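# Results of the structural survey
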Amino acid sequence: MSKSVLIVGCGVFGLSTALELAEKGYKVTALDAYPIPSPWSAATDYNKIIRAEYADVLHTKLGVEAIHAWRTDPIFDGIYHECGRVMITPTHHQGRIEFENLGIQNLKLFGEGSRIQYFKGSEDVYN
């Protein structure tokens, strides 16, 4: 007997859960009040950023795995676009600098972080 699951809400969490359960053999029905992509979904617009650098190694591992899936799984072909991002950290904010450095170290544990570029001041960014 196969197991059935009903998911109400087809935002990023609902659809990713539906996909994962379907891949595990569940019969999945997903419902939403709107056609996909729902205008109420937090993940609808094009300008979402995915990051994987976290101070916690487990979160970094999960982030790296998710990005790898977005890059390589054919189901996401044409809908995942890596655009990069800019982080601005004041030089006097030592706690934030340490947090970001730890996250980058954790990325490197999983073979990521090689494309990070460092700029000092607006002149570097604009040149």
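In short, a report on the structure. Since the structure is predicted, the reported quantities are computational estimates derived from the model, not experimental observations. (Residues numbered from 1 in each chain as written. Predicted model: local features only at pLDDT ≥ 70, side-chain atom pairs only at ≥ 80, totals over all residues. Heavy atoms only, no water.)

### As for the pattern of salt bridges
- According to the stated counting rule, one finds 6 salt bridges in the structure shown.
- Lysine 24 serves as the salt-bridge partner of glutamate 20, at 3.3 Å between the closest nitrogen and oxygen.
- Overall, glutamate 20 belongs to the partly exposed group, its relative accessible area being 40%.
- With a closest N to O distance of 2.9 Å, glutamate 82 and arginine 115 form a salt bridge. (Salt bridge = Lys/Arg side-chain N within 4 Å of Asp/Glu carboxyl O. Buried < 20%, exposed > 50% of the residue type's maximum accessible area, 1.4 Å probe, protein only.)

### Quick look at the pairing of strand β1 (residues 4-8)
- Where β1 and strand β2 (residues 27-31) come together, 5 bridges link them in parallel fashion. From the neighbouring strand, valine 5 faces β2, where its bridge partner is valine 28.
- Regarding topology, helix α1 (residues 12-23) serves as the crossover connection from β1 to the parallel β2, and that connection is right-handed. (Pairing = 2+ DSSP bridges. Helix = DSSP H or I, 4+ residues; strand = E, 2+ residues; numbered from the N terminus. Right-handed = clockwise from strand over helix to strand, strands pointing away.)

### Considering the side chain of asparagine 106
- With respect to the helices, strands and loops of the structure, asparagine 106 is situated in helix α3 (residues 94-109).
- Accessibility expressed as a relative area gives 5% for asparagine 106, which makes it buried.
- Side-chain polar atoms of asparagine 106 contact the backbone oxygen of tyrosine 54, separated by 2.8 Å.
- If sequence neighbours within four positions are ignored, asparagine 106 has contacts with Tyr54, Ala55, Asp56, Val57 and Thr60. (Polar contact = N/O pair within 3.5 Å; in protein donor to acceptor, adjacent residues only side chain to side chain. Contact = heavy atoms within 4.5 Å.)

### What to know about α1
- With 12 residues, α1 ought to run about 16 Å at 1.5 Å a step, and its terminal C-alpha atoms sit 16 Å apart, in line with that.
- For α1, the full list of buried residues reads Gly14, Ala18 and Leu21. One side of α1 carries all its buried residues, which in axial view fall inside an arc of 70°. In α1, the exposed residues that point more than 90 degrees away from the buried face are Phe13 and Glu23.
- Positioned one or two residues after α1, glycine 25 has a phi angle of 100°, which is positive. (Expected span 1.5 Å × (residues − 1). Arc of directions from axis to C-beta.)

### Section: the nonpolar core
- In this structure, Ala52, Val64, Ile67, Tyr80 and Leu107 together form the largest nonpolar core, which totals 5 residues.
- When sequence neighbours within four positions are dropped, the list of residues in contact with tyrosine 80 reads Ile50, Ile67, Trp70 and Arg71. (Core = buried A, V, L, I, M, F, W, Y, C linked by side-chain atoms within 4.5 Å.)

### A few points about the side chain of threonine 60
- Tracing the backbone through its elements, the reader meets threonine 60 in helix α2 (residues 57-72).
- Residue threonine 60 is classed as buried on the basis of its relative accessible area of 0%.
- Side-chain polar atoms of threonine 60 contact the backbone oxygen of tyrosine 54, separated by 3.0 Å.
- The contact partners of threonine 60, leaving out residues within four places of it in the chain, are Ala52, Glu53, Tyr54, Asn106, Leu107 and Phe110.

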